[in-house]
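Overview (structure and organization)
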Amino acid sequence: MSKNIVADLTAWVRTAAGLSMTIAVIVAIAATIHTGPYLLVNTIVTGGMLALVATGLTLMLGVLNIPMFAHGEYFMIGSLTAYYIFTPISEFILEHPDSWLVTFGPFIAILGALIGGAIAGAISEKLVFGPLRRRSTDNWVMNSFLLTVGLSVLLVNLHQLIFGADFKGIVGYWQGMPISIAGAYISLDRALAFIISAVIVALFYLFMTYTRTGMAIRAVSQDITGAEIVGIDIEKIVLLTISLACALAAVSGGSLLFMIPSYPSVGLEPLYMAWFVVILSGLGNILGAVVGAFMVALLKVITVEYVGAGWDFVVPSALIMLILIFKPSGIFGSDVRGVLDK
Amino acid sequence: MLLEVKNLNAGYGYLQILRDVSLQIDKGEYVGIVGPNGAGKSTTMKTIAGLISPMSGSVVFNGEDITGLSGSAVAKKGISFVSEEMNLFVNMTVQENLYMGAYTIKEKHLKNERLDFVFELFPRLAERKKQLAGTMSGGERKMLAIGRGMMSNPSLMLVDEPSFGLAPQLTTSVFASLEVLIKNGMTILVVEQNVTKTLAVTDRGYVLENGKVGLEGNSADLAEDSYVRKVFLGV
């Protein structure tokens, strides 16, 4: 029995997914021992947030076949919403330091970001993607890609026009002593940001696996005609998927506001990082995207630590090129049908 | 009259396939549409199922006009379509596929009742309920597609090319399962290229040629018809 487990484990380690995950874990442990646990903390916080953006991107790609290049702008919408909700709350807290808002105010701001993202996503479907789909689905991937690029430019410039180009940031969400774990001090904001992302990713996974609506979304992604003939309302599922995907990006933007202030093009970095994740883990693979997010985060943190802060895009980009050349289906993509093959 | 199709004209884009197709099906009937490749058999099915919107004509189901409704709306009215390509959810298990077939049923216990019924009908599916649909053989997939079509407790089943891509003995078993459904009181409209087989099992038949209904009548009479025998059976 135990021999079987060992054999299975070695077989798994030798697959592309197993190999890269094993290497990632070893690198993470080695770097943590060498430089200190803060590196691991950074990886986990960045990875958790990246997982939210990347699962949204995967959803758009896997269910709707839209290569979304405006996803970062929903991150921006999330951080902007959270900023405008939290600024009055923090002023109120300054005057009333004993109010319940000290604890729950940030949650209101982050929830606001989530709702803002969902609404923005629904509006984009109604005004942009829906009309294109009804007009023609010929050459859909290319057309929708161009549309998302245009949407991105529009949203960035709308932000600049209405709210200005300056940084809109906050000092922090939660005051209080940093938590100390194994000699590393983690600020409350970081710890809670990670917990929020972990809870949302878990809820999202359960939603997709067990609920009637989640299964309908998966059904649409696997066979849209099949979904239609069993009575799934495609238009409704598409609307829901887009607002869900955008809400995931927005909640990430909202809960990272203490680290990354909101400004017009703030979404570019999370967008590129999320695309690295999606290419690394295989298009349309949701669980793979979560694992991939932590791997890309690790790569970024290690690069900043050992190579230099200016290199954090160069190394992941080089890796993506290698993956596209040698394993275009992504490291977890072997047993999943490519979405764009349909 | 369960289903009445009147003067249906339909096609893809500017290409018109069906020309004034009319057909009727009563409750409990087993009706076949036969005809050569490209006659418009599948197009007729897809138009009734709501996957293609007709250019003109009407489809009346249970006394209700369902012309031009979307596929999901037609499914909710109680018509279940088993397509030629089967359109299974390949990365879901057999059981998940069947549950998706009962998507229009909200009550959990009703879904489970349907599931038990389908498993009783196709014990093979019960054995493989944890297997991914994409890893099953052609005959098993066909059974799964028919089983999924049964899950919504439809009043009419449209079955497109049940023998498509199957070995002869599998074809026989798929037809046998349709026979069982008919005995249970189901109404079935089946489209087939296998003319002999279809006319042997169905009550009534329509012969479709170049998008038009050429002949219609009792299947036994059609099988004896000299034109059908000459063109389709080669005797």
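As shown above, the structure is provided for reference.
Along each chain, numbering runs from 1 in the same order as the chain's sequence is written. For this description, chains carry letters from A and ligands carry numbers from 1, given in the order in which they are written. Only residues with pLDDT of at least 70 are given local features in this predicted model, and only at 80 or more are side-chain atom pairs given and counted; all residues enter the totals for whole chains, interfaces and linings. Heavy atoms throughout the structure, all of them, feed into the side-chain values; hydrogens and water do not.

Quick notes on the overall build of chain B
By definition, any uninterrupted DSSP run of H or I lasting at least four residues is a helix, any uninterrupted run of E lasting at least two residues is a strand, and each is numbered from the N terminus. Regarding its fold elements, chain B presents 10 helices and 10 strands. Every radius of gyration here is taken over C-alpha atoms, with the globule rule written as 2.2 Å times N^0.38, N being the number of residues. Expected size for 235 residues packed as a compact globule is a radius of gyration near 18 Å; at 17 Å, chain B falls within 12% of this value. Once the C-alpha set of chain B is aligned to its principal axes, its extents read approximately 50 × 40 × 30 Å. Residues are treated as being in contact if the distance between any of their heavy atoms lies within 4.5 Å. The contacts of chain B with a sequence gap of at least 6 include a subset with a gap of at least 24, amounting to 66%. Just so you have it, chain B exposes about 10000 Å², and 49% of that area is on carbon and sulfur atoms. Counting 24 positive and 25 negative side-chain charges, chain B places the centres of these two groups 6 Å from one another. Only the protein chains shown count as covering a residue, and every accessible area follows the Shrake-Rupley method with a 1.4 Å probe. Note on charges: Lys and Arg go in the positive column, Asp and Glu in the negative column, and His and the chain ends are not counted at all. Every charge is mapped to an atom, namely NZ of Lys, CZ of Arg, CG of Asp or CD of Glu.

Quick look at a nonpolar patch on the surface
All names here are of chain A. Patch members must show over 30% relative accessible area and no salt bridge, and they are joined within 9 Å when carrying like charges or within 5 Å when they are nonpolar side chains of Val, Leu, Ile, Met, Phe, Trp or Tyr. Each salt bridge in this description consists of a side-chain nitrogen of Lys or Arg and a carboxyl oxygen of Asp or Glu lying within 4 Å of one another. Residues Ile195, Val199, Leu203, Tyr205, Leu206, Tyr210 and Leu287 make up a contiguous nonpolar surface patch of about 710 Å² in total accessible area. Per element, the largest residue contribution to the nonpolar patch is six residues, and it comes from helix H7 (residues 188–210). Within the secondary structure layout, Tyr205 lies in helix H7.

Some points on the side chain of Arg204 of chain B
All names here are of chain B. With respect to the helices and strands, Arg204 occurs in strand E9 (residues 204–209). Separated by 2.6 Å, the side chains of Arg204 and Glu29 make a polar contact. Sequence-distant contacts of Arg204, defined by excluding residues within four places in its chain, comprise Gln24, Ile25, Glu29, Tyr30, Val31, Gly32, Gly217, Asn218 and Ser219. For this analysis, a polar contact is any N or O atom pair within 3.5 Å, provided that within protein one partner can donate a hydrogen and the other can accept it, and provided that sequence-adjacent residues contribute only side-chain to side-chain pairs.

Brief notes about the interface of chain A and chain B
Many descriptions give the size of an interface as the accessible area lost when the pieces come together. Across the contact, 17 residues belong to chain A and 23 residues belong to chain B. Summed over both partners, the accessible area lost on bringing two parts together, with a 1.4 Å probe, is the buried area. Buried area between chain A and chain B, summed over both chains or domains, comes out near 1900 Å², and the portion from carbon and sulfur atoms is 59%. The largest contributions to the chain A side of the interface with chain B come from Arg212, Ile229 and Val230 of chain A, which together make up 35% of the buried area. Summed over the shared surface of chain A and chain B, the number is one salt bridge. Of the charged contacts, one joins Arg218 of chain A and Glu96 of chain B as a salt bridge, the two residues approaching to 3.2 Å between their closest N and O atoms.

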